[in-house]
Amino acid sequence: MHDDLRATPVEDLTPLDAAVELAALAKDIAEHDRRYYQDDAPAVSDADYDALRHRNQVIEERFPELIRADSPSNRVGAAPAQGFSKILHARPMLSLANAFNAEDVTEFLQRIRRFLSLADDEPVVVVAETKIDGLSVSLRYVEGELVSGATRGDGETGEDITRNLKTIAEIPQTIVGAPAVLEVRGEIFMSKEDFAALNAAQEAAGEKVFANPRNAAAGSLRQLDASITARRPLSLFAYATGEVSEEFADSQWGLLDALAGWGFPVNPERRRCADVIEILENYDRIEALRADLPYDIDGMVYKVDRMDWQRRLGQVSRAPRWAIAHKFAAEKAQTVLEKITIQVGRTGTLTPVANLRPVTVGGVVVSRATLHNEDEVARKDVREGDTVIIQRAGDVIPQVVSVIVEKRPRESQAFHMPEVCPECGSSAVREEGE
Ligand code: IVH
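Residue positions are counted from 1 within each chain, in the order its sequence is given. pLDDT decides what is reported in this predicted model: residues at 70 or higher carry local features, side-chain atom pairs at 80 or more are listed and counted, and totals for whole chains, interfaces and linings draw on all residues regardless. To get the side-chain values, take all heavy atoms of the structure and skip hydrogens and water.

## Section: the site of the ligand
Line of reasoning, step 1. We call a residue near a given molecule or strand whenever any one of its heavy atoms falls within 4 Å of it. Near the ligand there are 13 residues, and of these Glu129, Ile132, Glu187, Tyr239 and Lys303 occur at the shortest range.
Line of reasoning, step 2. Any pair of nitrogen or oxygen atoms within 3.5 Å is treated as a polar contact; in protein, a donor-acceptor pairing is required on top of that, and neighbouring residues in sequence qualify only through side-chain atoms on both sides. The contact in question runs from a nitrogen atom of the ligand to an N or O atom on the side chain of Glu129, over 2.9 Å.
Line of reasoning, step 3. Ser136 places a polar side-chain atom, nitrogen or oxygen, 3.3 Å from an oxygen atom of the ligand.
Line of reasoning, step 4. Surface accessibility in these figures is a Shrake-Rupley result with a 1.4 Å probe; residues are shielded only by whichever protein chains are displayed. Burial of the ligand by the protein amounts to 87% of the accessible area it has alone, namely 520 Å².
Line of reasoning, step 5. Secondary structure elements are defined from DSSP: runs of H or I of at least 4 residues count as helices, runs of E of at least 2 residues count as strands, and each element is numbered from the N terminus. If you list the elements that add at least two residues to the shell around the ligand, you get strand S3 (126-132) and strand S10 (297-304).
Line of reasoning, step 6. In terms of residue count, S3 provides more of the shell around the ligand than any other element does, four residues in total.

## Things to note about unusual backbone geometry
Line of reasoning, step 1. Positioned with a positive phi, Arg318 is a non-glycine residue whose angle comes to about 65 degrees.
Line of reasoning, step 2. Overall, Arg318 belongs to the partly exposed group, its relative accessible area being 37%. Exposure classes here rest on a 1.4 Å probe applied to the protein chains alone. A residue is buried below 20% of its type maximum, exposed above 50%, and partly exposed in between.

## Things to note about the packing of helix H4 (residues 102-116) against helix H10 (residues 276-289)
Line of reasoning, step 1. Angular values range over 0 to 180 degrees, each being the angle between N-to-C directions of two axes fitted as lines to C-alpha atoms, with helices fitted over their stretch in contact. Where H4 meets H10, the closest approach of the two axes is 10 Å, and the angle between their N-to-C directions is 140 degrees. Here H4 is positioned oblique relative to H10, judged by the angle of their axes. As H4 packs across H10, the resulting crossing turns out to be right-handed. Here H4 contributes Ala102, Val105, Thr106 and Leu109 to the contact with H10, which in turn contributes Val276, Ile279 and Leu280. Note that the term roughly parallel is reserved for angles under 35 degrees, roughly antiparallel for angles over 145, roughly perpendicular for angles of 65 to 115, and oblique for everything else. Crossings are assigned a handedness: left-handed for a near helix turned anticlockwise from the far helix by less than a right angle, right-handed for a clockwise turn. For this analysis, residues touch if any pair of their heavy atoms sits within 4.5 Å.

## Description of the sheet that holds S10
Line of reasoning, step 1. Only strands joined by at least two bridges in the DSSP assignment are considered to pair. Spatially, the five strands line up as an open sheet ordered S2-S13-S10-S3-S9, and their pairing is mixed. At either end of the open sheet lies a strand with only one pairing partner, and these are strand S2 (98-99) and strand S9 (271-273).
Line of reasoning, step 2. Here S10 pairs with strand S13 (residues 323-327) via five bridges, running antiparallel. Each bridged residue has a counterpart across the sheet, and for Lys303 the counterpart in S13 is Ala323.
Line of reasoning, step 3. Across the face of the sheet, H4 comes into contact with S2, S3, S10 and S13 while running at roughly 175 degrees to S13.

## Overview of a negative patch on the surface
Line of reasoning, step 1. To count toward a patch, a residue needs a relative accessible area above 30% and no salt bridge. Like charges then connect within 9 Å, nonpolar side chains (Val, Leu, Ile, Met, Phe, Trp, Tyr) within 5 Å. Within this document, salt bridges are pairs made up of a side-chain nitrogen of Lys or Arg and a carboxyl oxygen of Asp or Glu, the two lying within 4 Å of each other. His is not counted here, nor are the chain ends, while Lys and Arg score as positive and Asp and Glu score as negative. All charge positions are set by atom: Lys at NZ, Arg at CZ, Asp at CG, Glu at CD. Together, Asp275, Glu278, Glu281, Asp284 and Glu287 line one region of the surface with negative charge.
Line of reasoning, step 2. Residue position: Glu278 is located in helix H10.

## What about the sheet that holds strand S8 (residues 235-244)?
Line of reasoning, step 1. Here four strands make up an open sheet; going across it, the order is S5-S4-S7-S8 and the pairing antiparallel. Edge positions in the sheet fall to strand S5 (145-151) and S8, since each has one partner strand and no second. Averaged over all pairs of adjacent strands, the angle between strand axes in this sheet comes to 25 degrees, irrespective of strand direction.
Line of reasoning, step 2. Taken together, the eight bridges between strand S4 (residues 135-142) and strand S7 (residues 181-189) define a ladder with antiparallel strand orientation. Looking across to S7, one finds that Val142 is bridged to Val181.
Line of reasoning, step 3. Across the sheet, helix H7 (residues 213-221) lies against S4 and S7, angled at about 40 degrees from S4, the strand it touches most.

## What to know about the state of the cysteines
Line of reasoning, step 1. Note on terminology: pairs of cysteine sulfur atoms within 2.5 Å are recorded as disulfides. What the rule picks out here adds up to zero disulfides.
Line of reasoning, step 2. Left unpaired, Cys424 is separated from the closest cysteine sulfur, that of Cys421, by 3.6 Å.
Line of reasoning, step 3. Judged by relative accessible area, Cys424 falls into the exposed class, the value being 56%.

This is the structure in structure tokens:
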């Protein structure tokens with residue numbers, strides 16, 4: 001019915017016709033907006049959409065008393081941009097299979113040997129890179145110009161964040177001497193230092209603080225308003241390619257060199273390793289360095305160096321056969337402190353101990369952590385029933401780092417040390433200075 005009405009010249013509309021048509025237009029335009037901005041699947045051409053908006057506006061001008069609360073003209077210009085448009089990756093952005101221990105890494109190398117039918121004495125050289133804890137992006141250059149940039153998305157289709165990526169100083173806008181079509185893939189991240197400074201500024205301004213550098217990088221990059229991204233300190237490490245119009249490297253090492261030569265930041269902690277021993281030595285070396293690196297990493301990535309082998313190995317279920325991620329065990333974890341018990345030492349010292357809901361930290365299941373002493377418990381205000389963050393570094397006894405106060409049960413009560421020794425019943429005394 002409203003199609004007929006839409007054919008009627010606006011001057012000929014009765015107020016009732018106008019009210020009916022404005023209601024239909026509000027509904028239809030909202031639906032087109034939703035399809036365009038949320039689903040990225042517009043049902044009409046831009047011209048038809050503009051015609052609908054124009055008719056809505058003309059009717060409203062003639063019948064201003066009929067302007068609806070949900071009128072599309074209240075949203076003019078600031079179209080309700082609820083998302084990014086989509087970009088289909090020219091080559092899928094693959095993910096990586098995981099290795100958690102030396103055995104998994106050994107099996108990875110054996111699988112490669114078997115697949116390529118290599119002689120036992122033929123070394124399989126891999127490039128060991130740090131696994132940057134950020135967001136992967138794909139940057140597309142045509143004739144040396146950055147033309148588009150996308151998030152990984154589901155690997156096939158990502159979000160178009162070209163405008164945001166163009167604000168990042170470390171990303172070259174133009175490159176010289178590269179293939180006519182070159183897609184560079186890498187990780188966008190925020191350094192630990194930049195993260196701390198951003199959070200301090202956010203807090204001072206009463207704005208949202210981020211939980212970790214990765215969240216801060218993601219929140220900064222996926223801003224519909226690219227001017228916000230421009231003010232955030234984001235960095236890039238490039239480590240792979242997508243579509244390329246001509247091959248330019250015969251090894252992963254050479255590929256990284258070429259990317260660096262074109263001006264892309266490439267992580268300096270890369271090593272060529274000839275066997276599993278070198279791989280694991282390097283893993284230990286980087287894990288020991290981890291806390292001192294200026295950015296977060298969550299493991300290592302091993303890639304077969306030879307490109308001809310990479311091509312032969314191909315991929316299996318969306319992950320390349322020629323690469324694997326070797327994760328570092330998480331050092332911190334969250335769990336519930338079920339009970340605080342008192343441990344009596346050999347010399348009679350009373351130590352409060354957190355009995356935890358078991359959780360894996362740094363590759364080990366932890367169910368108890370030290371609370372050190374009464375002052376520590378008071379300082380952190382640790383209570384039974386609290387959700388706590390625990391930390392395990394190397395071989396030291398796990399510790400309770402902090403309490404997530406928002407998760408505290410209502411009925412919780414502050415903890416006090418017992419007045420008598422739980423073992424011998426004699427009164428517990430706190431000695432001077434203890
Ligand atoms: S290579 C086909 N190298 O880890 C190979 N990925 O768990 C594709 N990542 O989606 C990835 N550092 O976001 C590669 N040096 C590195 C990496 C790296 C971090 C991320 C990347 C990937 C995820 C897989």
